[in-house]
Amino acid sequence: MISSTSRSRRLGTVAVAAGSLVAASLVSLPASAAPAVRGCDSRTNNTTAKLLECVRVEGVMEHLEALQAIADANGGNRASDTPGYQASVDYVVQTLEAAGWSAEVEPFTYDAADVVLQQLTPTAADFPANPATGTGEGDVTGTVQAVDINLTAPRANSSGCEPEDFAGFVEGNIALLQRGTCSFSVKAINAEAAGASAAILFNQGDTDAVDRNNAVNPTLGGEDVVDIPVVGTSYAAGASLAAPGSTARVTIDFYEVTSYNVIGELAGRTDDNVVMAGSHLDSVPEGPGINDNGSGSAALLELAQQMSKSRPENTVRLAWWGAEELGLIGSTEWVGQRTPEELDDIALYLNFDMIGSPNYFFGVYDADESSFPAPVVVPEGSEDIETTFEEFYTLLGEPYDDSEFSGRSDYQAFIESGIPSGGLFTGAEVVKTEEQQAIWGGIAGESFDQCYHQECDTIDNLDMHALEVNSDAVAYAVFTYAASTEAVNGVVGRRVPGRFLVPAPAGPEYTFAGPLGGDEHDHGHDHGPGVAE
């Protein structure tokens, strides 16, 4: 998952954890009476209860172990444009085809860059660096000149935000700029106007949080914002480069890369009302990416295997996206490759990115903006998707909270095309609060995923309870909408056979320790008495 800000802040929006939650009239959930694995392999899971019995965390873990083995055999990662990513693509295709799904490997291209950031004097060092979107390219060696930076805690600054900050700047020097106050694009544009030969943007370092200290991924806007090379780096690198007499080398060299999305499809009775769900398949270069985002990828593979013999009303399409970690490239390219008619056929999109964080919370994308004003336009119908996940958590007695509907994962291109969307998230680099610890356990003061974008994001970097609950939530939502999307886009479908009732979401008027209020009901999706088919 690309770096993000906090997605959880409201103590009130939680379901209850109550043994009395699932009344006798509700279908029991699978944990207590799961059938033999062989039974799942041979039967048709044509009801919600049957499917949830067979979607197992053990099955999800088998896929995660395979992804870990792929990373182990390929330099420790599954990053885009590496043998580890290609092997991951092959594994997904083989799994889908063995389960009876169609599997298409769809190429896309993007510009990649070889990036170098070296300090030459007064000490020699190589630093982590990311090319800014909208940067120019080049190979520059020169004197580093700091521009209004602040290395003293709390390190508040407005480095490079005004042209006046560059008074006395020597033309041809490399501008050293610190994160703070204004956008990266303003800083870079001002640096170029002042005659900088290159610009280094380093993190602010104002807290102990990873996202304020590690190498930043600057976004300058669209393409070709500046002509000079602009890189992002860590606070520690910036502090070192700020030393008197510092010289450095900054290099950005672009080249074209071909990568791949994997699209799996299970044909329904209708082919013009497609239920789509996706997760990104690539990791960062630093590690194997088992939580980010092997977790979402593996849950979809387990769903595909257990749903393969059913005949849904709506066609189900699952996607494993490439190059998400480089800026949502695979999903954006795929949507851009579709015709308007093809996009109109997509009823909704569900996104699953990091669903098993070791210090988790249960987050649902806040489509109704009850906690977070969305920085994007939320397509009509997305609110029902949020409710679908909330009612499932309520059924299980699991506390949940809102996660900002930010568009900062692979649903961005879909919502920009007006497609209703939603999804789940268990947290990344943001630190868990004491309130959140009281609800979900774990450790307050530590990030939701201590190994986010690091080498230690391995098979051991998961919470099994979070992964198990969310794998079932993935299956529940996809299967629900495979039957009918009427509550989202008005297209009438069919009831799922069987009797599967869900309670209303617990909502903000309940606390995590209180009794469930409200009536059990079929919320909007016809989960109730089924019609035999």
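Further up the page is the structure itself.
Cut-offs used in this document
- Residue numbers here run from 1 along each chain, matching the order of that chain's written sequence.
- Where totals are concerned, whole chains, interfaces and linings use all residues; where local detail is concerned, this predicted model gives features only for residues with pLDDT of at least 70, and gives and counts side-chain atom pairs only at 80 or more.
- With hydrogens and water stripped out, all remaining heavy atoms of the structure feed into the side-chain values.
- Helix and strand definitions follow DSSP, with helices as H or I runs of at least four residues and strands as E runs of at least two, each counted in order from the N terminus.
- The cut-offs for exposure are 20% and 50% of the maximum accessible area for each residue type, with area from a 1.4 Å probe on protein chains only; residues under the lower value are buried, those over the upper are exposed, and the others partly exposed.
- We call two residues in contact when some of their heavy atoms are within 4.5 Å.
- For the area figures, the Shrake-Rupley method with a 1.4 Å probe applies, and any residue is considered shielded solely by the protein chains shown.
- Helix axes use the C-alpha atoms of the stretch in contact, all axes being lines fitted to C-alpha atoms, and the angles between their N-to-C directions lie in the range 0 to 180 degrees.
- Roughly parallel covers angles under 35 degrees, roughly antiparallel covers those over 145, roughly perpendicular covers 65 to 115, and oblique covers all other angles.
- Just so you know the grouping, Ala, Val, Leu, Ile, Met, Phe, Trp, Tyr, Cys and Pro go in nonpolar, Asp, Glu, Lys and Arg go in charged, and all remaining residues, Gly too, go in polar.
- Residues enter a nonpolar core if they are buried and are Ala, Val, Leu, Ile, Met, Phe, Trp, Tyr or Cys, with the set joined through side-chain atoms within 4.5 Å.
- One less than the number of residues in a helix, times 1.5 Å, gives the span that helix is expected to have.

Right, let's get into the overall build of the chain. If you tally the helices and strands in the chain, you get 14 helices and 16 strands. Within the chain, the proportion of its 533 residues that are buried is 56%. Counting only contacts in the chain whose residues sit at least 6 apart along the sequence, the fraction spanning at least 24 positions is 79%. Within the structure as shown, the chain displays about 20,000 Å² of accessible surface, and the carbon and sulfur contribution to it stands at 49%.

Direction vectors running N to C along helix α3 (residues 57–72) and helix α13 (residues 464–483) enclose 105 degrees, while the axes themselves pass 9 Å from each other. In terms of orientation, α3 lies roughly perpendicular with respect to α13. Residue-level contacts link V57, V60, M61 and L64 of α3 to M464, L467, E468 and S471 of α13. Looking at the contact of α3 with α13 residue by residue, the class counts come to six nonpolar, one polar and one charged.

The subject of this paragraph is the nonpolar core. Looking at soluble globular proteins, one finds that nonpolar side chains tend to be buried together. Core analysis: the biggest nonpolar cluster contains 99 residues, and L64, M307, W320, L350, F352, F389 and F414 have the highest contact counts within it. The leading source of residues in this core is α13, at 13 residues.

A few words on helix α4 (residues 83–98). Taking 1.5 Å of rise per residue, the 16 residues of α4 would be expected to cover 22 Å, and the 22 Å separating its terminal C-alpha atoms lies within 8% of that figure. Of all the residues in α4, the buried ones are G84, Y85, S88, V89, Y91, V92, V93, T95 and L96. Those residues of α4 that are buried lie in contact with α3, β1 (102–121), β8 (247–266), α7 (290–307) and β10 (314–321). After α4 finishes, the residue G100 shows a positive phi value of roughly 95 degrees.

Worth remembering: the numbers are spatial, not functional.
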